[in-house]
Amino acid sequence: MKALVYEGPRDVVVKNVPDAKIERPTDALVKITSTNICGSDLHMYEGRTDMEKGRVLGHENLGQVVEVGEVVDRIKVGDWVCLPFNVSCGFCKNCERGLTGFCLTTNPGTAGAAYGFAGMGPYSGGQAEYLRVPYADFNCLKLPDDAQEKENDYVMLSDIFPTGWHATELAGVKPGESVVIYGCGPVGLMAAHSAMIKGASKVIIVDLHPDRLALAEQIGAIAIDYSKGSAVEQILELTDGEGADRGCECVGYQCHDPAGHEVPNATMNDLVKSVRATGGIGVVGVFIPEDPGSRDKLAKKGKIVFDFGLFWVKGQHIATGQANVKAYNHYLRDLIHADRAKPSWIVSHELALDEAPEAYKHFDARDNGWTKVILHPAGAQKNPKRQSTQKKAVRKEALHAH
Ligand SMILES: NC(=O)c1ccc[n+]([C@@H]2O[C@H](COP(=O)([O-])OP(=O)(O)OC[C@H]3O[C@@H](n4cnc5c(N)ncnc54)[C@H](O)[C@@H]3O)[C@@H](O)[C@H]2O)c1
Ligand SMILES: [Zn+2]
Ligand SMILES: [Zn+2]
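In this text the structure is predicted, and so the values were computed from the model without any measurement.

Let us look at the overall build of the protein. A count of helical and extended segments in the protein gives 14 helices and 15 strands. Its C-alpha radius of gyration of 20 Å places the protein within 12% of the 21 Å reference for a compact globule of 402 residues. Each principal axis of the C-alpha atoms in the protein carries an extent, and together these give about 60 × 45 × 40 Å. For the protein, the residues scored as buried account for 57% of the 402 residues in total. Nonlocal contacts in the protein, meaning residues at least 24 apart in sequence, comprise 73% of its contacts between residues at least 6 apart. As presented, the protein carries roughly 16200 Å² of accessible surface, and 53% of it is formed by carbon and sulfur atoms. With 44 positive and 51 negative side-chain charges, the protein shows a spacing of 1 Å between the two charge centroids.

Bringing the side chain of K198 into the picture now. Mapping K198 onto the fold places it in the loop between α6 (186-197) and β9 (202-207). In this structure the side chain of K198 is engaged in a polar contact, spanning 2.7 Å, whose partner is the side chain of E169. Ignoring any residue separated from it by four or fewer positions in sequence, one finds K198 in contact with W165, T168, E169, V173, K174 and P175.

For ligand 1, the set of nearby residues contains 31 residues, the closest of which are S40, D207, V251, A323 and R366. Separating an oxygen atom of ligand 1 from a side-chain N or O atom of H43 is a distance of 2.9 Å. Between ligand 1 and the protein, one listed contact pairs a nitrogen atom with a backbone N or O atom of G321 at 3.2 Å. Notes on ligand 1: free accessible area 870 Å², of which the protein chains cover 97%. Secondary-structure elements contributing two or more residues to the shell around ligand 1 are α1 (39-45), α6 and β9. Per-element tally for the shell around ligand 1: the top contributor is α1, with three residues. When the residues that make up the shell around ligand 1 are grouped by side-chain class, the tally is 14 nonpolar, 13 polar and four charged.

So, about the packing of helix α5 (residues 160-171) against helix α12 (residues 329-337). Look at α5 against α12: their axes get within 10 Å of each other, and the N-to-C directions meet at 110°. If you check the angle between α5 and α12, you find them roughly perpendicular. Where α5 crosses over α12, the handedness of that crossing is right-handed. Packed against α5, whose contacting residues are F161, P162 and W165, the element α12 presents N329, L332 and I336 at the interface.

We now examine the coordination of the zinc ion (ligand 2). The zinc ion (ligand 2) binds to the protein through C38 (SG), H59 (NE2), E60 (OE) and D159 (OD), with metal-donor distances spanning 1.9 to 2.3 Å. Sequence spacing among the residues donating to the zinc ion (ligand 2) works out to C-x20-H-E-x98-D. Pair noted here: C38 is in the loop between β3 (28-36) and α1 and H59 is in the loop between α1 and β4 (61-68), with a separation of 21 residues, a long-range link. The exposure class of H59 is buried, given its relative accessible area of 0%.

For the structure shown, the criterion picks out 22 salt bridges. Linking K15 and E7 is a salt bridge whose minimum nitrogen-to-oxygen distance equals 3.0 Å. In this structure, the salt-bridge partner of E46 is R10, at a minimum N-O distance of 4.0 Å. With E46 in the loop between α1 and β4 and R10 in the loop between β1 (2-8) and β2 (11-16), this pair connects stretches of sequence that are 36 residues apart. Look at E46 and you get buried, because its relative accessible area is 16%. Owing to a relative accessible area of 51%, R10 belongs among the exposed residues under this scheme.

It is worth spelling out the pairing of β4 at this point. In this structure, β3 lies alongside β4, joined through seven bridges in antiparallel fashion. Bridge pairing links S34 to L62 in β4. Bridging between β4 and strand β5 (residues 80-83) involves four bridges; their strand directions are antiparallel. In the sheet register, N61 faces β5, and the bridge partner there is L83.

Rules used in this analysis
- Residues numbered from 1 in each chain as written.
- Chains lettered and ligands numbered in written order.
- Predicted model: local features only at pLDDT ≥ 70, side-chain atom pairs only at ≥ 80, totals over all residues.
- Heavy atoms only, no water.
- Helix = DSSP H or I, 4+ residues; strand = E, 2+ residues; numbered from the N terminus.
- Rg over C-alpha atoms; globule rule 2.2 N^0.38 Å.
- Buried < 20%, exposed > 50% of the residue type's maximum accessible area, 1.4 Å probe, protein only.
- Contact = heavy atoms within 4.5 Å.
- Areas by Shrake-Rupley, 256 points an atom, 1.4 Å probe, with all protein chains shown as cover.
- Lys, Arg positive; Asp, Glu negative; His and termini not counted.
- Charge placed at Lys NZ, Arg CZ, Asp CG, Glu CD.
- Polar contact = N/O pair within 3.5 Å; in protein donor to acceptor, adjacent residues only side chain to side chain.
- Near = heavy atom within 4 Å.
- Nonpolar A, V, L, I, M, F, W, Y, C, P; charged D, E, K, R; others polar.
- Axes fitted to C-alpha atoms, helices over the stretch in contact; angles between N-to-C directions.
- Parallel < 35°, antiparallel > 145°, perpendicular 65-115°, else oblique.
- Left-handed = near helix turned anticlockwise from the far one by under 90°.
- Donors = N, O, S within 2.8 Å, 3.2 Å for Na, K, Ca; no water.
- Salt bridge = Lys/Arg side-chain N within 4 Å of Asp/Glu carboxyl O.
- Pairing = 2+ DSSP bridges.

As structure tokens, then:
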């Protein structure tokens, strides 16, 4: 089968690899029809992780089941399914409590596994024609009869929509509250969408890419371009000097200053300053235990200088980590089905798998207009039912959904 293979820093190629297949009786085999490129793929693409060469990338996957192992009960051939990026077992101590991002079975010795991901187990990714899904009964999210029409929405249930939602959960967002979000990439935009759905009174989002900020404005968020002045000062002004009730970190360890120089503690310390005393901060942007590729001495060892004194005096709380996709994905699926959520409004490109290397280049450069790429391994035009996401009407629906 064809797949997108990581060959080294900024070097990915589409080539033939051995077919994905059923390996255990609890597996399912899924023919992938949509698979996204994620900001997390970029940490690997840039060589900023210990990703092994030769591995297939892709953890945001949706498709149709073509084969099931002999003990799979619930999932049938022909089902349309979206796969959480976490590979989890369903029966370990963490999975039992809904913390499927920290499964103790699927990546022994660590907590948490994912498809096509550095340090998260041996699982091959879905930027390919087929994907092997372990513990299929537990991991497959079945999609309703509008699966193909709303494929570009449902594929966001694999990661970024639940992850944006998770950011707002970790921060503790409640109806009527104000929320500030650092990072207006796909994850930050999904956190904004989630905060709106939860009834936030004010959603403020910080980035420096005008195209991304314009998307956030389309759903009613207040955009702050931090290359045009201090984000913290503007947020304090917008919140009567108090700071926002809640803050979300949706950038991660490669956060940078307006000139593009990485400053690994920038967003964390800005959040402490931008969130009110006793407010909550949710961190879904990725931070890693070691970052040898960083220019920062401390960051090489996974450390940052954090304003702990101010954080303590303000009595804030902080929560972090990978999203437990299964904790939210079926509720978010139902919001999409009921037209109460429309995550596809951020999609900028739908491309064939062969175009993936080019797409990685543009997305990695955060080129203007490259907000979110969906790859369709069967070809970009092959599903006549799929709603194009480029239509204005789709964006209007996202606004209407709030
Ligand atoms: N916790 C999880 O489960 C989970 C899941 C998916 C992605 N992630 C992580 O979330 C982060 C964002 O992902 P994405 O797909 O949106 O990626 P992205 O890289 O496209 O978006 C990040 C955005 O942050 C902006 N940014 C950089 N420095 C900034 C700063 N100092 N202040 C404000 N904005 C700044 C960039 O301009 C960019 O638009 C990544 O670290 C990714 O790995 C985590
Ligand atoms: Zn992702
Ligand atoms: Zn588990």
